[in-house]
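Observations on the model geometry
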Amino acid sequence: MRLTRLKVAAAAVLVASTLAACGDAGSDDDKGIDVDVQEDAAAEFDEGTRMRELADGGTIKIGVKYDQPGIGFKGATDDQPVGFDPEIGKILAADLGIAPEDITWVETISANREAFLQKGEVDLVIASYSITDERRQVVGQAGPYYVTGQQLLVKSDSKIETIEDVKGTEVCSVTGSTSLSNIEAEGATPRGFDTYSECVEQVLNGTVDAMTTDGAILLGYAAEHPDELKVVVDPFSTERYGVGYSIDHPEMCEWITETIEEAQEDGDWAKAFELTLGKSGVDTPEPPEMDACS
Amino acid sequence: MTVTDEAPVGGGTPRSGEALVELADVQKWYGQLHVLQDINLTVSRGEVVVVIGPSGSGKSTLCRTINRLEPVDSGRILVDGSPLPQEGKALARHRADVGMVFQSFNLFAHKTILENVTLGPIKVRKQSKAEAETRARELLERVGVAHQADKYPAQLSGGQQQRVAIARALAMEPKVMLFDEPTSALDPEMIKEVLDVMVDLAERGMTMIVVTHEMGFARTAANRVVFMADGRILETADPETFFSNPESDRAKDFLGKILKH
Amino acid sequence: MENVLANFDLVLKAFWLTIQLALLSGLVALVLGTLLAAMRVGPISVLRGVAATYVTLVRNTPLLVMCIFVFVAAPNLGLFVGMPFLLKGTIAVGLYTAPFIAEAIRSGVNAVHLGQAEAARAIGMTFGQNMRYVVLPQAFRASVPPLASTLIAMTKNTSVVAVFGLMEATARMRDFVNKNSDDTMLIFLVFAIGYVILVELISFAAYGLERRWKAAR
């Protein structure tokens, strides 16, 4: 295993760091897709809209995950986060005339995404942010730009193929997560860990039989270890990732929806997928149908 | 600290096989302080030797070297013909043969009186529990505390505790008994009950080395009195001679102070 | 499966795992701690050094570091891979607690009057017999209060394994909180009371022992 030495060193020295498992994830040289930055974008938006403000300002703050390979990941030495979510962010920024290098990336974790939007710490949240009715009470969510569901990450030679196979096995996820409850309900012994990366370690070294959470996250880890890991089982829940925006700027919904629909049509969405989650070897899926804005 | 067995054997050469305890040229320092100097002493089987002297004279230390509770720096200590072993199982076996009674009794606080007396025989002598208990009850009877057998030490008076301590030592069937100021921690009214037990023991022929201030005991029970001061043995004599006609000034001075009380 | 009271069986199951962890870790810590204490007061300098090093090393290491070693680092080195999680938790918490037990007992040993050990030596007991029959039994009696505090701390410390694969009380609490943010206060109360009951059991046991041994000290 090429990561062994790094993993041992990291585990010995530090606490619960995402670095332990992710090693060189995100250090890849590719810069993602080439976006066409709109010139004179401000003119496209009406005076008084949030889009106009952002275009005039020439910069945008986007919250993404820094610890989910393939979705949103930033290594300790990286300048920019990489993954499918940042690619979507670049597509949206380009439409406002903002070049990728002018984007201010902010790390958001699951617990602070609503608060960051409400306080204006970020303009957009693109961070494996499932659309739910509860969240739509407090923030705006446009999308889904990607649809995934709970699946299992197993070793390449694992015998687990269907959800029935997990009965009696040990399956890890993040302690207290819904995924862990779901898999417990399927008859597996839940093994909660602090981070996904620790959980992946347990799968890689054979301590547990599988890891479970959203397939998109699992694909990211599978992309890191394409020879050792694979994602199995038909999704047994549906997670629809949306772009979060402040509920004070409802006009952003139409813009986000239209911009992503354009990207889905012109192939940028597919390119973004291939360069990130697609590395796990899965076929690029059909882009999902975006919800209408109300 | 080491005991050098090669040290020359001094004047205290055993008297034709009857010597039970023999100290030859024993030296001990506490740092700069020379607490035992040129100690030569031979105690014969059945003999009762009383060691007296002012406090700080080294008499307790002398007593405690005989079962190596205090290691010495040089010199030879023999018990029943064999030299004192170094730390370890051999030393433990040696100690089992040398009974000791302490000033502060040192009964095992978490054991009943009966258990105090049977613990050594069962664990060290490997006697059966029944055998050890029968013997223990006899000994407790002999020292007059049989009815207290099931109590804990803290429930007994000092005199009773010390008599139990004597029974505990006797239960090991020792070759010699060491008494390190056995009555010094006792209230006056309890001293006699302990001394009576010791006199009885002496009459039964037990070899005893007794460090004490009880001159009455020395007169009645001792075969010999050893007078120590400043880490040296200054005089050795039978009690009659020693008390009526001490030779050294230190002894005269000491007796003068003691007997005026 | 949302409400904490409607799913009380899950709460009980989680606390049962906490109890198992506490009992097993406590056993490991008591046995190892006693051994370490005996080594530290013993006559063999090599063992004294080994025990002192272990105590210093582990007592100054956070439990989380210990857990990361046992659950995350060691399996990467190929150690403990097939071992049940409960056993790994026992190793982590037990090894971590042992030096605290050792220090509690050592303070108890120091509280035992020197004459006790001397009397035991005088009747021919070896160091081992002396420790086993005379010094340690009394040291344990003197150590009951600090031992109880250590075991109470240990019981609460078992919660650290919540993020290392064991669905014990704290992990289950996190699970409930995550699913019913409205009930957070009730969930907190249920689990806090659970821990209070466990800790009080230890306190009662310690109190009982102290009373029982009062006469024999």
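First things first, this report covers the structure right here in the doc. No experiment lies behind these values; they were computed from the predicted model shown. (Residues numbered from 1 in each chain as written. Chains lettered and ligands numbered in written order. Predicted model: local features only at pLDDT ≥ 70, side-chain atom pairs only at ≥ 80, totals over all residues. Heavy atoms only, no water.)

Looking at the interface of chain A and chain C
One frequent convention defines the size of an interface as the accessible area lost when the parts assemble. Convention followed: In this analysis, two residues are considered to be in contact whenever any of their non-hydrogen atoms come within 4.5 Å of each other. Identification of polar contacts relies on pairs of N or O atoms within 3.5 Å, with a donor-acceptor requirement for protein atoms, meaning one able to donate a hydrogen and the other able to accept it, and with residues adjacent in sequence counted only if both atoms are side-chain atoms. The way it works is that DSSP assigns letters per residue, a run of H or I at least four long becomes a helix, a run of E at least two long becomes a strand, and they are numbered from the N terminus. In this classification, the charged set is Asp, Glu, Lys and Arg, the nonpolar set is Ala, Val, Leu, Ile, Met, Phe, Trp, Tyr, Cys and Pro, and all remaining amino acids, among them Gly, are polar.
Contact residues are listed per partner, giving 26 residues for chain A and 24 residues for chain C. Inspection of the chain A/chain C interface yields 10 residue pairs in polar contact (both at pLDDT 80 or more). Elements with a contribution of two residues or more to the side of chain A that touches chain C: helix H1 (4-13), helix H7 (178-185), strand S9 (189-193) and helix H8 (196-204) of chain A. Among the residues forming the side of chain A that touches chain C, the class breakdown is 9 nonpolar, 10 polar and 7 charged.

So, the sheet that holds strand S1 (residues 19-30) of chain B
Adjacent strands of a sheet form backbone hydrogen bonds with each other and so pair up, either parallel or antiparallel. All names here are of chain B. Heads up, the condition is: Two strands pair if DSSP finds at least two bridges between them.
On the basis of which strands lie adjacent, the open sheet formed by 4 strands has the order S2-S1-S4-S5 and antiparallel pairing. A single partner strand is all that each edge strand has here, and the edge strands are strand S2 (33-44) and strand S5 (82-83). Bridge count between S1 and S2: 8 bridges; the pairing is antiparallel. The residue of S2 that forms the bridge with Trp29 is His34.

What to know about the pairing of S9 of chain A
Looking along a regular strand, one sees side chains alternate from face to face of the sheet. Residues and elements named next belong to chain A. Put simply, the test is: Relative accessibility thresholds used throughout: buried, under 20% of the residue-type maximum; exposed, over 50%; partly exposed, between the two (1.4 Å probe, protein chains only).
In terms of burial, S9 is largely enclosed, as 4 of its 5 residues are buried. Strand direction decides the pairing type here: strand S8 (residues 170-174) and S9, joined by 5 bridges, are parallel. When the bridges of S9 are listed, Glu170 appears paired with Thr189.

Section: the state of the cysteines
Residue and element names in this part refer to chain A. Under the convention used in this document: Note on terminology: disulfide denotes any pair of cysteine sulfur atoms within 2.5 Å.
Within this structure, the stated rule accounts for 2 disulfides over all chains. The disulfide partner of Cys172 is Cys199, and the gap between their sulfur atoms is 2.0 Å. Here Cys172 and Cys199 share a disulfide; its torsion about the S-S bond, 105 degrees, makes the bridge right-handed. Pair noted here: Cys172 is in strand S8 and Cys199 is in helix H8, with a separation of 27 residues, a long-range link. Just as Cys172 is buried, Cys199 falls in that class too. For Cys253, the disulfide goes to Cys293, at an S-S distance of 1.9 Å. The sign of the S-S torsion, about -85 degrees, decides the handedness of the disulfide formed by Cys253 and Cys293: left-handed.

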